[in-house]
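Structural features, examined
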Amino acid sequence: MCGIVAATARREVSEILLEGLRRLEYRGYDSAGMALIDNEQRLQLHKYQGKVSALEEAQSLNPILGCTGIAHTRWATHGQPSAANAHPHISRQRIAIVHNGIIENHAELREDLREAGYEFVSATDTEVIVHLLHRFVHEGKDLLGAMQATVARLEGAYALAATDVEHPDQVVAARSGSPLVVGVGIGENFLASDTLALRQVTDRFIYLEEADVVVCSAAGLAIYDGAGEPVQREMKRVSGDVEDADLGDYEHYMLKEIYEQPHALAATFAKASAGDVDASVFGDGAAEVFAQTQAVQIVACGTSYHAGLVARYWLEDIAGVPCQVEVASEFRYRKRVSHPNTLLVTVSQSGETADTLAALRFAAPEEFIASLVIANVDNSSLVRESDLAFLTRAGMEIGVASTKAFTTQLVAFLMLALALGKERGLSVERQQCLKEGLRDLPDLVKQTLKIDAAIEDMSAAFIQKHHALFLGRGIQYPIAMEGALKLKEISYIHAEAYPAGELKHGPLALVDADMPVVAVAPNDELLDKLKSNLEEVRSRGGELYVFADKDAGFTDEPGVHVLAMPHAPEVLQPVIYTVALQLLSYHVALQKGTDVDKPRNLAKSVTVE
Ligand code: AGP
């Protein structure tokens with residue numbers, strides 16, 4: 001999703017801005033631009049549809065230089081991807097602005113501004129902001145006052161950074177609903193959508209809070225809260241993660257991240273000291289909350305939602321707690337009835353997903369006894385705004401398709417089931433068995449990664465296909481959903497998942513030789529039922545690709561292609577089958593030649609509704 005980088009310094013900053021944009025490329029975007037105030041106090045601008053490399057090329061042919069500047073990667077919401085719609089947007093050669101978010105009342109503001117004589121050259125919602133800001137400085141407000149007056153007129157979500165040629169040493173910024181951090185340097189200051197963009201220049205960061213406005217110059221920073229009062233915000237040192245952005249010997253981040261899973265899973269389980277999982281790993285006060293918890297409501301989007309669907313099986317089976325799971329964009333707008341003493345659990349790799357954050361923010365205080373987030377990014381909005389937090393240790397995930405974040409979320413949920421189970425009389429033997437399973441999981445994933453070559457061979461059968469069906473039963477149904485999501489997002493093959501028992505209630509009509517059917521078939525108590533469902537596919541000429549436990553009794557035959565999976569205890573099966581399906585989608589996408597790490601139209605962190 002859109003990325004912002006801004007800098008104000010005593011040195012020339014164009015290369016810092018460009019490097020910041022390169023580091024934000026993983027978020028997904030369709031155009032890029034930057035504006036600098038040169039040493040003659042003129043606004044200089046480059047913006048292009050396409051990759052940051054187009055901007056780099058323009059910069060090398062026709063350099064624009066300055067000590068104050070703003071830059072942006074745009075993920076189109078209002079107006080198609082084009083140079084005209086790319087940011088920065090400019091008003092009367094004086095103000096330049098970059099924006100992340102959506103302004104909901106842009107149509108009405110546009111009318112007002114047109115009547116005031118402002119001309120619009122883009123189809124974006126952002127352009128109203130730049131003209132509003134111009135209008136207020138033109139009326140005599142200083143940059144801070146103009147930004148405060150501007151944001152007071154905006155409805156929606158925004159992170160903004162702006163420059164004014166009349167104040168060439170300043171960048172003014174504001175946020176509400178979209179993330180923005182200040183990078184604190186020595187004699188220079190920066191702003192960005194996430195810390196990674198600025199780790200090239202600093203390790204000291206201030207996470208702006210909702211409705212904050214900040215004025216940055218090389219000499220210092222002044223932050224004001226939503227009421228316009230000056231405030232101090234805590235400065236944090238950020239370490240680690242930078243090396244995660246290095247591809248090493250891998251061709252793609254997605255493959256690197258798939259292979260990092262044994263380490264990520266072990267690191268996440270290592271949060272429990274000496275492998276003894278209890279409430280304290282979920283934060284101070286978790287023990288009191290868990291003691292009262294009578295139900296769990298999980299809310300998330302996309303892959304994180306699938307982790308929640310898996311967790312429901314564990315929370316009900318292991319902890320004996322009733323559990324509901326819902327996608328955040330539906331949950332947030334629904335009139336709801338909760339069980340008494342329900343714990344709200346949000347799940348998010350980024351910790352910034354707009355719908356998940358809104359679900360947390362708009363939950364009524366009396367609806368839940370507390371909120372717990374399972375997230376991968378420290379200091380993210382969900383982490384800061386939840387009562388309790390569990391940080392997975394996946395390390396930075398750059399590929400848009402979530403892999404290691406998902407499997408570490410599953411580890412977090414198993415630990416949650418254990419901790420809640422302990423409160424509710426889970427037997428010591430079962431606790432022991434789960435802890436041993438969590439300890440053995442990284443090795444099992446390593447064994448699964450060894451069948452990569454066989455999965456690659458199987459993947460060739462998918463590249464000419466337009467559709468695929470994924471089947472699972474029980475806890476493997478959400479794993480089939482996750483497998484289908486991975487395939488569709490990176491290879492653009494339409495893929496659907498069904499609980500195998502639902503086949504004959506409709507989807508069987510789709511089955512023919514052109515519809516590969518992928519089945520998740522561990523050796524569990526539903527295996528025989530699943531086998532009958534797969535027979536239904538075979539007898540209609542469907543081609544089966546079965547990811548099956550070695551002992552599940554499947555053999556290769558015409559129309560049945562079997563991938564032998566390592567034998568695993570039932571509770572670990574969802575993780576290892578996920579890893580195999582991740583590899584399948586990776587190899588299909590690779591052979592199709594799609595952009596594996598940055599699939600079309602998608603963004604890594606979905607910070608708009
Ligand atoms: C997963 O491969 C997707 N890119 C997407 O579904 C993602 O899981 C979803 O947008 C939620 O993101 P979050 O975990 O950062 O909240």
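For every chain, the first residue of the written sequence is number 1, and numbering continues from 1 onward in sequence order. Local features in this predicted model are restricted to residues whose pLDDT is 70 or higher, and side-chain atom pairs enter the listing and the counts only when it is 80 or higher, whereas totals over whole chains, interfaces and linings include all residues. To obtain the side-chain values, all non-hydrogen atoms of the structure were included, while hydrogens and water were left out.

**Concerning the side chain of threonine 407**
Here a strand is any run of E in DSSP of at least two residues, a helix any run of H or I of at least four, and the numbering for each starts at the N terminus. Mapped onto the secondary structure, threonine 407 falls in helix H13 (residues 404-423). Apart from residues no more than four positions distant in its own chain, threonine 407 is found in contact with Gln261, Leu265, Val575, Thr578, Val579 and Gln582. In what follows, a contact means two residues having at least one pair of non-hydrogen atoms within 4.5 Å.

**Quick look at the pairing of strand E22 (residues 494-499)**
Examined bridge by bridge, strand E21 (residues 467-472) and E22 share six bridges and lie parallel to one another. What sits directly across from histidine 467, in E22, is histidine 494. The parallel pair E21 and E22 is bridged by helix H16 (residues 476-491), and the resulting crossover is right-handed. Whether two strands pair comes down to DSSP finding at least two bridges between them. Handedness of a crossover is defined as follows: orient the strands so they point away from the viewer, and if the path from the first strand over the helix to the second runs clockwise, the crossover is right-handed.

**Quick look at the packing of helix H1 (residues 14-24) against helix H2 (residues 52-61)**
Angles here are taken between N-to-C directions and fall from 0 to 180 degrees, while the axes themselves are lines fitted to C-alpha atoms, restricted in helices to the stretch in contact. Where H1 meets H2, the axes come as close as 10 Å, and the angle between the chain directions of the two elements is 165°. In this view, H1 runs roughly antiparallel relative to H2, as classed from their interaxial angle. In the packing of H1 onto H2, the handedness of the crossing is left-handed. Counted together, Ser14, Leu18, Leu21 and Arg22 of H1 and Val52, Leu55, Glu56 and Gln59 of H2 form the full contact between these two elements. For the contact of H1 with H2, a count of residues per class yields four nonpolar, two polar and two charged. An angle counts as roughly parallel when it lies under 35 degrees, as roughly antiparallel when it exceeds 145, as roughly perpendicular when it falls between 65 and 115, and as oblique in every other case. For any pair of crossing helices, the crossing counts as left-handed if the nearer helix is rotated counterclockwise from the farther one by less than a right angle, and right-handed if it is rotated clockwise. Only Asp, Glu, Lys and Arg are considered charged in this grouping, and only Ala, Val, Leu, Ile, Met, Phe, Trp, Tyr, Cys and Pro are considered nonpolar; every other residue, Gly among them, is considered polar.

**Details of the sheet that holds E21**
With respect to topology, five strands assemble into an open sheet ordered E22-E21-E23-E24-E25, the strand pairing being parallel. Strand pairing shows two members of the sheet lacking a second neighbour, E22 and strand E25 (560-565), which therefore form its edges. Averaged over all adjacent pairs, the angle separating strand axes in this sheet is 20°, with direction ignored. Most of the contacts of helix H15 (residues 452-459) go to E25, to which it runs at about 160°, and overall it touches strand E24 (544-549) and E25. Across the face of the sheet, helix H18 (residues 573-592) comes into contact with E21, strand E23 (517-521), E24 and E25 while running at roughly 145° to E24.

**What about the packing of aromatic side chains?**
Classification of ring pairs rests on two measures: the distance between centres of Phe, Tyr or Trp rings, Trp counted by its six-membered ring, which must be within 6.5 Å, and the angle between planes, read as stacked under 30 degrees, edge-to-face over 60 and tilted in between. Tallied over the full model, the rule gives five aromatic pairs. Ring centres of phenylalanine 282 and phenylalanine 390 lie 5.2 Å apart, and the angle between their planes is 35°; on these two criteria the pair is classed as tilted. Placement of the pair is phenylalanine 282 in the loop between helix H7 (261-269) and helix H8 (286-292) and phenylalanine 390 in strand E20 (residues 388-391), with a sequence separation of 108 residues. Each of the two residues, phenylalanine 282 as well as phenylalanine 390, counts as buried. Consider the ring centre and the ring normal. A charge sits over the ring if Lys NZ or Arg CZ is within 6 Å of that centre and within 35 degrees of that normal. It is lysine 271 that lies over the ring of phenylalanine 390; its NZ or CZ is 5.0 Å from the centre. Between the NZ or CZ atom of arginine 336 and the centre of the ring of phenylalanine 331, over which it lies, the distance is 3.9 Å. Burial classes follow relative accessibility: with a 1.4 Å probe on protein chains only, a residue under 20% of its type's maximum area counts as buried, one over 50% as exposed, and anything between as partly exposed.

**Remarks on the nonpolar core**
The biggest cluster of nonpolar side chains holds 93 residues, and the ones touching the most others in it are Phe290 and Phe547. At 12 residues, the largest contribution of residues to this core is made by H13. Definition of nonpolar core: a set of buried residues of the types Ala, Val, Leu, Ile, Met, Phe, Trp, Tyr and Cys, connected through side-chain atoms within 4.5 Å.

**Examining the site of the ligand**
The environment of the ligand is formed by 14 residues, the closest being Ser304, Ser348, Gln349, Thr353 and Glu489. In this structure, an oxygen atom belonging to the ligand sits 2.7 Å away from a main-chain N or O atom of glutamine 349. Here valine 400 contributes a backbone N or O atom positioned 2.8 Å from a nitrogen atom of the ligand. Alone, the ligand offers 410 Å² of accessible surface; in the complex the protein occludes 90% of this. Elements with a contribution of two residues or more to the shell around the ligand: helix H9 (302-317) and H16. Counting residues per element, the shell around the ligand draws most heavily on H9, at three residues. Grouping the amino acids of the shell around the ligand by side-chain chemistry returns four nonpolar, eight polar and two charged. Throughout this document, a residue counts as near a molecule or strand when at least one of its heavy atoms sits within 4 Å of that molecule or strand. In protein, a polar contact requires one atom able to donate a hydrogen and another able to accept it; more generally it is a pair of N or O atoms within 3.5 Å, and residues adjacent in sequence count only if both atoms are side-chain atoms. Shrake-Rupley sampling with a 1.4 Å probe provides the accessible areas, and residues are treated as covered by the protein chains on show and by no other component.

**Quick look at H2**
Since one α-helical turn is 3.6 residues long, residues separated by three or four positions face the same way. Within H2 the residues assigned to the buried category are Val52, Leu55, Ala58 and Gln59. One side of H2 holds all its buried residues, which, seen down the axis, span an arc of 115°. Opposite the packed face of H2, turned more than 90 degrees from it, sit the exposed residues Glu57, Ser60 and Leu61. For H2, the elements touching its buried residues are H1, strand E2 (31-37), strand E3 (43-49) and strand E4 (68-74). Note: the arc covers the axis-to-C-beta directions of the helix.

**Comments concerning the packing of H15 against H18**
With their axes 9 Å apart at the nearest point, H15 and H18 run at an angle of 50° to one another. Between H15 and H18, the crossing angle belongs to the class labelled oblique. Our pair here, H15 against H18, has a crossing hand that is right-handed. For the pair H15 and H18, the contacting residues are Asp452, Ile455, Glu456 and Ser459 in the first and Ala580, Leu583, Leu584, His587, Val588 and Gln591 in the second. Of the residues in the contact of H15 with H18, the class split is five nonpolar, three polar and two charged.

Treat this as a map of the structure, not an account of what it does.
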